[in-house]
Amino acid sequence: MSDRRAEMLKEMGLWPVWRLRRAAGKNAPAAAEAPQEQALEGARPSDRASPVTPPSSRAAARPAAAAANDERRARIMRLEWGELKACVASCLDCSLHAKRNKTVFGVGDERASWLFVGEGPGADEDAQGEPFVGQAGKLLDSMLAAIKLRRGDDVYIGNIVKCRPPGNRNPEPREALACEPYLHRQIELIQPKLIVALGRVAALNLLAREATIASLRGRVHAYRGIPLIVTYHPAYLLRNLPDKAKAWADLCFAVDTMRDLKSRVPAPS
Ligand code: SF4
């Protein structure tokens, strides 16, 4: 292992875990983990429930509200940053508004190459109005530092929903659906080169399909044409330290992917 790689592992808090796994004789690549470890995946215990709106539910919900929803989406898609932030700050469009303290719009470089998306605010985020603060936020900052990134510097951080789901539960499908135009508009404005979905809830909502996180890791997907990579939510990694090694593999994959994306010469227009 090179000094640089060892240094990055230490910065991310991976070094002791890495050594333990080697001592246990597990030298296989992260993508080839044992099935029983894959079964543990998901950002939170309640991830076993589907976080994605079933197609049948979407179809049933559309007729009455379709026109209003389409008009709302079109209006949001025309908003610039200031208007979009104000719109989110006053939003009452799903039940999550009732118990929020602050909306959590997102933070960072508004023309970032990197966009990290989690599922929703927790208690600390709800209190401060910023995504990924508290222990999970510290780990995310360490993960960013391990690949020579930091929030606000070519990095933007957002969530699937802007208001805290009570009790840190997963967002309900209707809540994620109501909030989706805001994230969509943020992504349109940022135009990131690469999206990193943090956790199963973020991944499944961005990709709009059911899948295990194991089947999504290690591949480049797309959100509306933008390359997207899936890794674990930092809150999950805090409770499942051995999986930090898998997250490290995902970050290395993301760095390689970004390098490849930046090296591509745009086709002449
Ligand atoms: Fe509005 Fe999103 Fe908050 Fe729901 S979660 S009230 S859609 S900002």
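The notes below deal with the structure included here.

About the cut-offs
Every chain is numbered on its own, with residues counted from 1 as its sequence reads. In keeping with the predicted nature of the model, local features appear solely for residues at pLDDT of at least 70, side-chain atom pairs appear and are counted solely at 80 or more, and the whole-chain, interface and lining totals rest on all residues. Each side-chain value is worked out from all heavy atoms of the structure, with water and hydrogens disregarded. Two strands pair under a simple rule: DSSP has to find at least two bridges between them. Numbering of helices and strands runs from the N terminus, with a helix taken as a DSSP run of H or I at least four residues long and a strand as a DSSP run of E at least two residues long. We call two residues contacting when some pair of their heavy atoms lies within 4.5 Å. An axis is simply a line fitted to the C-alpha atoms; with a helix, the fit covers only the stretch in contact. Between two such axes, the angle follows the N-to-C directions and lies from 0 to 180 degrees. We define the nonpolar core as a collection of buried residues of types Ala, Val, Leu, Ile, Met, Phe, Trp, Tyr and Cys that are connected through side-chain atoms lying within 4.5 Å of one another. A simple rule labels every residue: compare its accessible area, found with a 1.4 Å probe on the protein chains alone, to the largest value its type can have, and call it buried under 20%, exposed over 50%, or partly exposed in between. Residue count minus one, scaled by 1.5 Å, sets the expected span of a helix. Centres within 6.5 Å make a pair out of two Phe, Tyr or Trp rings, where for Trp the six-membered ring is used; the pair is then stacked when the planes are under 30 degrees apart, edge-to-face when over 60, and tilted otherwise. Only lysine NZ and arginine CZ atoms are considered, and such an atom sits over a ring when it is within 6 Å of the ring centre and within 35 degrees of the ring normal.

All right, on to the sheet that holds strand β3 (residues 155-159) then. Across the sheet, six strands lie side by side as β1-β3-β2-β4-β6-β5; this open sheet has mixed pairing. Taken across any chain shown, the strands that pair with only one partner, and hence form the sheet edges, are β1 (107-108) and β5 (221-223). Note: strand β4 (residues 194-198) against strand β6 (residues 226-231), four bridges, orientation parallel. Bridged to L198 within β6 is T231. Along the sheet, helix α9 (residues 200-207) contacts β2 (114-118), β4, β5 and β6; its crossing angle with β4, the most-contacted strand, is approximately 130°.

What follows is about the nonpolar core. Of all hydrophobic cores here, the largest spans 62 residues; its most connected members are W114, F116, I195 and L206. Of the residues forming this core, the biggest block, eight residues, is contributed by helix α8 (residues 173-190). For W114, the residues in contact, after removing those within four places along its chain, are I147, L149, D154, V155, Y156, L194, V196, A254, V255 and M258.

Most of β4 sits inside the fold, with five of its five residues counted as buried. Bridge count for β2 against β4 is four bridges, and the pairing is parallel. Following the sheet pairing, L115 is matched in β4 by I195.

Before going further, it helps to examine helix α12 (residues 244-263). Along its 20 residues, α12 runs 29 Å from first to last C-alpha, staying within 8% of the 28 Å computed at 1.5 Å per residue. Inspection of α12 places K244, A245, K246, A247, W248, D250, L251, A254, T257, M258 and L261 among the buried residues, and these make up the whole buried set.

Another aspect to go through is the packing of aromatic side chains. All told, the structure shown has four aromatic pairs when counted by the stated rule. Considering the side-chain rings of W81 and Y156, the 5.9 Å spacing of their centres and the 35° angle between planes classify their relative orientation as tilted. Residue W81 is located in helix α5 (residues 81-89), and its partner Y156 is located in strand β3; the two are separated by 75 residues in the primary sequence. Each ring, one from W114 and one from F116, has its centre 5.9 Å from the other, and the planes form 10°; the classification is stacked. Neither residue differs from the other here; W114 and F116 are each classed as buried. Grouped by ring-pair contacts, the aromatic residues W81, F105 and Y156 constitute a single cluster. The side chain of K162 reaches across the aromatic face of F105, ending 5.9 Å from its centre.

With that settled, the discussion passes to unusual backbone geometry. The backbone phi angle of D154 is positive, close to 65°, even though this residue is not glycine. With respect to the secondary-structure elements, D154 resides in the loop between α7 (134-146) and β3. The backbone phi angle of Q191 is positive, close to 55°, even though this residue is not glycine. Mapped onto the elements of the fold, Q191 is located in the loop between α8 and β4.

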